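Residue strings, one per chain:
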Amino acid sequence: MKQLAKKILSILCVSVLLISCLASSGCQQEASGTLFALDTYITLRAYGRHAQAAVDQCTGEITRLENLLSTTRSYSDIYKINHQEGPVAVSDETAQLITRSLSITEETQGAFDITLRPLISLWGFEQEPRLPEEEELLTALSLSGAGHLSLTGHSVLLDPGCGVDLGGIAKGYITDRLVSILEEQKVPGAMLVLGGNVYAHGTRENGKPWRVGVQDPRDEHGIVGVVEAQDQCVITSGGYQRYFEQDGITYHHILSPETGYPADSGFLSVTIVSSDGTLADALSTALFVMGPEKAEAYWKSHPGFGFVAVLEDGSLLVTEDCHFTPETGFAATILQKG
Ligand code: AMP
Ligand code: MG
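The rules behind these values
- Residues numbered from 1 in each chain as written.
- Chains lettered and ligands numbered in written order.
- Predicted model: local features only at pLDDT ≥ 70, side-chain atom pairs only at ≥ 80, totals over all residues.
- Heavy atoms only, no water.
- 1 Å grid on protein atoms, 1.4 Å probe; cavity = no way out; pocket = protein on both sides within 12 Å on 5 of 7 lines; lining within 4 Å.
- Points joined across faces, edges and corners; volume = space filled by probe spheres on them.
- Helix = DSSP H or I, 4+ residues; strand = E, 2+ residues; numbered from the N terminus.
- Nonpolar A, V, L, I, M, F, W, Y, C, P; charged D, E, K, R; others polar.
- Buried < 20%, exposed > 50% of the residue type's maximum accessible area, 1.4 Å probe, protein only.
- Contact = heavy atoms within 4.5 Å.
- Salt bridge = Lys/Arg side-chain N within 4 Å of Asp/Glu carboxyl O.
- Core = buried A, V, L, I, M, F, W, Y, C linked by side-chain atoms within 4.5 Å.
- Expected span 1.5 Å × (residues − 1).
- Near = heavy atom within 4 Å.
- Polar contact = N/O pair within 3.5 Å; in protein donor to acceptor, adjacent residues only side chain to side chain.
- Areas by Shrake-Rupley, 256 points an atom, 1.4 Å probe, with all protein chains shown as cover.
- Sits in = over half its atoms within 2 Å of the grid points.
- Pairing = 2+ DSSP bridges.

Visitor: Explain empty space enclosed by the protein to me, please; I cannot follow it from the model alone.
Guide: One way to see where empty space is left: roll a probe the size of a water molecule over the atoms. The full count for this structure, using the stated rule, is 1 cavity of 30 Å³ or more. What the largest cavity holds in volume is close to 30 Å³. The wall of the largest cavity is formed by Leu44, Arg45, Ala46, Val55, Cys58, Leu182, Ala190 and Leu192. Put simply, the parts of the chain that give the lining of the largest cavity at least two residues each are strand 2 (40–47), helix 2 (51–69) and strand 6 (189–194). Broken down by element, the lining of the largest cavity gets its largest block of residues, 3 residues, from strand 2. Classifying every residue of the lining of the largest cavity gives 7 nonpolar, no polar and 1 charged.

Written out as structure tokens, the structure reads:
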């Protein structure tokens with residue numbers, strides 16, 4: 001009898017130990033996933049009791065949204081908008097993302113513009129990049145601009161020959177959707193990397209903020225500094241991310257809606273720090289197009305984000321709200337709101 005009581009007691013003790021261990025961070029599960037989607041390499045890392053379920057759900061969500069927003073998949077909402085004649089009925093989600101994009105176009109005075117599709121196709125960055133003829137550029141420019149698109153409820157109508165491209169905002173929007181999954185699954189910490197889009201969820205397992213390196217546009221193995229981030233996106237647009245060279249000139253994929261040529265604004269890259277992924281992605285593209293003076297003025301007059309920009313001479317322009325530490329050797333000018 002005494003033996004039996006001892007056995008029960010020891011089983012109970014082990015159970016209590018296991019339960020308290022699972023509840024504490026010492027027994028956290030870790031999960032990770034990598035995939036190629038949205039034309040880029042994606043890495044998802046999470047810890048916590050539901051880490052694996054969260055990573056699996058995130059992977060499924062990326063596929064679902066790529067099917068909805070891709071410009072090349074014939075069943076996507078965007079493909080239909082670009083290829084069908086007359087009004088196209090789209091999902092609630094697509095309609096909302098187009099609405100948000102149009103309002104950012106207005107706010108940024110056209111620097112960010114999802115109707116640049118004719119220009120983007122002409123430069124061919126997705127397949128065979130090439131330098132277009134001046135006349136082709138003028139035609140594509142005349143077919144670009146938000147005035148060519150109308151959205152009524154869920155119905156999208158484009159002028160003939162025009163097109164929509166969400167390449168400058170889709171990854172940020174998708175990041176926001178993945179964050180909802182992490183929150184639903186009560187994941188205490190995760191790091192989502194979608195190409196140049198990083199999201200730092202919660203904290204590291206030691207309770208400290210995540211450290212996100214900002215790539216040096218002039219050295220693919222180097223960084224210009226580190227952002228300490230918690231529940232924030234750190235999203236970079238840079239001319240170094242996609243480009244080709246012809247006759248000694250580099251042409252990159254972020255286009256000026258004014259000239260139709262790659263934006264030549266004085267920035268090598270712009271990194272936005274914000275808890276709003278959709279905004280951060282659109283603004284990384286927009287501020288890159290704007291250049292230093294306009295970007296600073298935009299930041300001073302709009303809340304909800306900070307930025308780290310690398311100028312052509314390699315120096316940095318950093319807003320005070322970024323928790324950014326430059327690497328040794330990088331001179332940073334700190335911008336202040338007041
Ligand atoms: P990102 O890496 O977020 O700066 O997005 C760049 C992608 O957005 C390009 O590959 C194009 O598909 C698209 N894009 C290029 N220029 C612009 C622009 N001025 N506004 C909006 N989207 C753009
Ligand atoms: Mg962007």
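Visitor: Even after reading the chapter, I still don't get the environment of threonine 59, so can you show me in this structure?
Guide: Here threonine 59 is to be found in helix 2. Judged by its relative accessible area of 27%, threonine 59 is partly exposed. The spacing of threonine 59 and threonine 271 is 212 residues in sequence and 25 Å in space, taken between C-alpha atoms. Among residues more than four places away in sequence, those in contact with threonine 59 are Leu35 and Leu44.

Visitor: What am I meant to see in the pattern of salt bridges here?
Guide: Opposite charge on two side chains permits them to pair, given that their charged atoms come into close proximity. The tally for this structure, following the rule as stated, stands at 10 salt bridges. Across the pair arginine 117 and glutamate 126 runs a salt bridge whose closest N-O atoms are separated by 3.1 Å. Assessed through its relative accessible area of 14%, arginine 117 is described here as buried. Ionic pairing is found between arginine 117 and aspartate 165, a salt bridge with its closest N-O pair at 2.7 Å. Of the two residues, arginine 117 sits in helix 5 (residues 117–123) while aspartate 165 sits in the loop between strand 5 (155–158) and helix 7 (170–184), which places them 48 residues apart along the sequence. Accessibility assignment for this pair places arginine 117 and aspartate 165 in one class, buried. When salt bridges that share partners are traced, they join Glu61, Arg64 and Glu93 into one network.

Visitor: Just checking my understanding: could you explain the nonpolar core for this structure?
Guide: One finds Leu44, Ile62, Ile81, Leu166, Leu283, Leu287 and Phe307 to be the most contacted residues of the largest nonpolar core, which totals 70 residues. With 9 residues, helix 8 (residues 277–290) is the single largest residue contributor to this core. With sequence-adjacent residues up to four places away left out, isoleucine 81 is seen in contact with Val88, Val90, Ile98, Val156, Leu158 and Val164. In terms of nonpolar packing, the next biggest core, distinct from the first, is built from 18 residues, Trp210, Val273, Val310 and Val318 among them.

Visitor: Mind showing me how you'd approach helix 4 (residues 92–107) here?
Guide: Side chains three or four residues apart in an α-helix point the same way, a direct result of the helix having 3.6 residues per turn. Compared with an ideal rise of 1.5 Å per residue, which puts 16 residues at 22 Å, helix 4 spans 23 Å between its outermost C-alpha atoms and is within 8% of the ideal. Three or more residues of helix 4 are buried, namely Glu93, Thr94, Ala95, Leu97, Ile98, Ser101, Ile104 and Thr105. Summarising the contacts, the buried residues of helix 4 are in contact with helix 2, helix 3 (77–83), strand 4 (149–152), strand 5, helix 7 and helix 8. A positive backbone phi angle near 50° is found at glutamine 109, which sits one or two residues after helix 4.

Visitor: Honestly, the site of ligand 1 in this entry has me stumped. Any pointers?
Guide: Near ligand 1 lie 17 residues; those nearest to it are Asp113, Ser237, Leu255, Asp281 and Thr285. Contact between ligand 1 and leucine 255: a nitrogen atom at 2.9 Å from a main-chain N or O atom of the residue. Its free accessible area being 500 Å², ligand 1 has 92% of it covered by the protein chains. If you map ligand 1 onto the pockets, it falls in the largest pocket. Ranked by residues supplied to the shell around ligand 1, first place goes to helix 8 with 3 residues. Residue composition of the shell around ligand 1, grouped by class: 8 nonpolar, 6 polar and 3 charged.

Visitor: Would you explain the pairing of strand 5 in this entry?
Guide: As a general feature of sheets, a regular strand has side chains that alternate between the two faces. Burial of strand 5 is one-sided: the residues Val156 and Leu158 facing one way are buried, the residues Ser155 and Leu157 facing the other way are not. As judged from the 2 bridges shared by strand 3 (residues 88–89) and strand 5, these two strands associate in the antiparallel manner. Across the sheet, the residue bridging to alanine 89 is serine 155, located in strand 5. Across 4 bridges, the pairing between strand 4 and strand 5 is antiparallel. Each bridged residue has a counterpart across the sheet, and for serine 150 the counterpart in strand 5 is leucine 157.

Visitor: Sorry if this is basic, but what is going on with the environment of glycine 329 here?
Guide: If you trace the backbone, glycine 329 turns up in the loop between strand 16 (324–326) and strand 17 (332–335). C-alpha separation for the pair glycine 329 and serine 315, spaced 14 residues apart in sequence, amounts to 9.4 Å.

Everything listed here is a matter of geometry and, on its own, says nothing about what the molecule does.
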